[in-house]
Amino acid sequence: MLCTVVDIRGDYAYVKYVDTGIVSEVALALLPWDIDVGDRLKFEDYSFEKV
């Protein structure tokens, strides 16, 4: 499932899923260390990776 980082606040990033349009809060500890707003991520097998 693809998503885009739309905001980063404190220890959380807000990601918007492409297929549903839902925005979800995700702990930064679960994301790649070098993410930034606008980055595209793939969520698969309960982990995120940059695309």
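In short, a report on the structure. Computed from a predicted model, the values in this text were never measured in an experiment. (Residues numbered from 1 in each chain as written. Predicted model: local features only at pLDDT ≥ 70, side-chain atom pairs only at ≥ 80, totals over all residues. Heavy atoms only, no water.)

## A closer look at a nonpolar patch on the surface
Here is step 1 of the chain: A surface patch of nonpolar side chains, amounting to about 270 Å² of accessible area, comprises L2, V18 and V51.
Here is step 2 of the chain: Its location among the elements puts V18 in the loop between β2 (12-17) and β3 (23-27).
Here is step 3 of the chain: Residue class for V18 comes out partly exposed when judged on its relative accessible area of 47%. (Patch = residues over 30% accessible without salt bridge, like charges linked within 9 Å, V, L, I, M, F, W, Y side chains within 5 Å. Areas by Shrake-Rupley, 256 points an atom, 1.4 Å probe, with all protein chains shown as cover. Salt bridge = Lys/Arg side-chain N within 4 Å of Asp/Glu carboxyl O. Helix = DSSP H or I, 4+ residues; strand = E, 2+ residues; numbered from the N terminus. Buried < 20%, exposed > 50% of the residue type's maximum accessible area, 1.4 Å probe, protein only.)

## Section: the nonpolar core
Here is step 1 of the chain: C3, V5, A13, V15, Y17, V26, L31, I35, L41 and F48 form the largest nonpolar core, which has 10 residues in total.
Here is step 2 of the chain: Elements that contribute at least two residues to this core include exactly β1 (2-9) and β2. (Core = buried A, V, L, I, M, F, W, Y, C linked by side-chain atoms within 4.5 Å.)

## Focus on the packing of aromatic side chains
Aromatic ring pairs are reported here in terms of the distance separating the ring centres and the angle at which the planes meet.
Here is step 1 of the chain: By the definition in use, this model includes two aromatic pairs.
Here is step 2 of the chain: For the pair F43 and Y46, a centre-to-centre distance of 6.3 Å together with 90° between the ring planes defines the contact as edge-to-face.
Here is step 3 of the chain: Residue classification places F43 among the partly exposed positions, given a relative accessible area of 25%.
Here is step 4 of the chain: Under the relative-accessibility criterion, Y46 is labelled exposed at 78%.
Here is step 5 of the chain: Taking 4.7 Å as the distance between ring centres and 40° as the angle between the ring planes, the aromatic pair formed by F43 and F48 counts as tilted.
Here is step 6 of the chain: We classify F48 as buried; its relative accessible area is 12%. (Phe/Tyr/Trp six-rings, centres within 6.5 Å; stacked < 30°, edge-to-face > 60°.)

## Points about the pattern of salt bridges
Here is step 1 of the chain: Evaluated as defined, the whole model comprises five salt bridges.
Here is step 2 of the chain: Note that E44 and K42 form a salt bridge whose closest N and O atoms lie 3.7 Å from each other.
Here is step 3 of the chain: One salt bridge connects K42 with E49, and the closest N-O pair in it is separated by 4.0 Å.
Here is step 4 of the chain: According to the relative accessible area criterion, K42 is partly exposed, its value standing at 27%.
Here is step 5 of the chain: Via salt bridges that share partners, D34, D39 and K50 belong to a single interconnected network.

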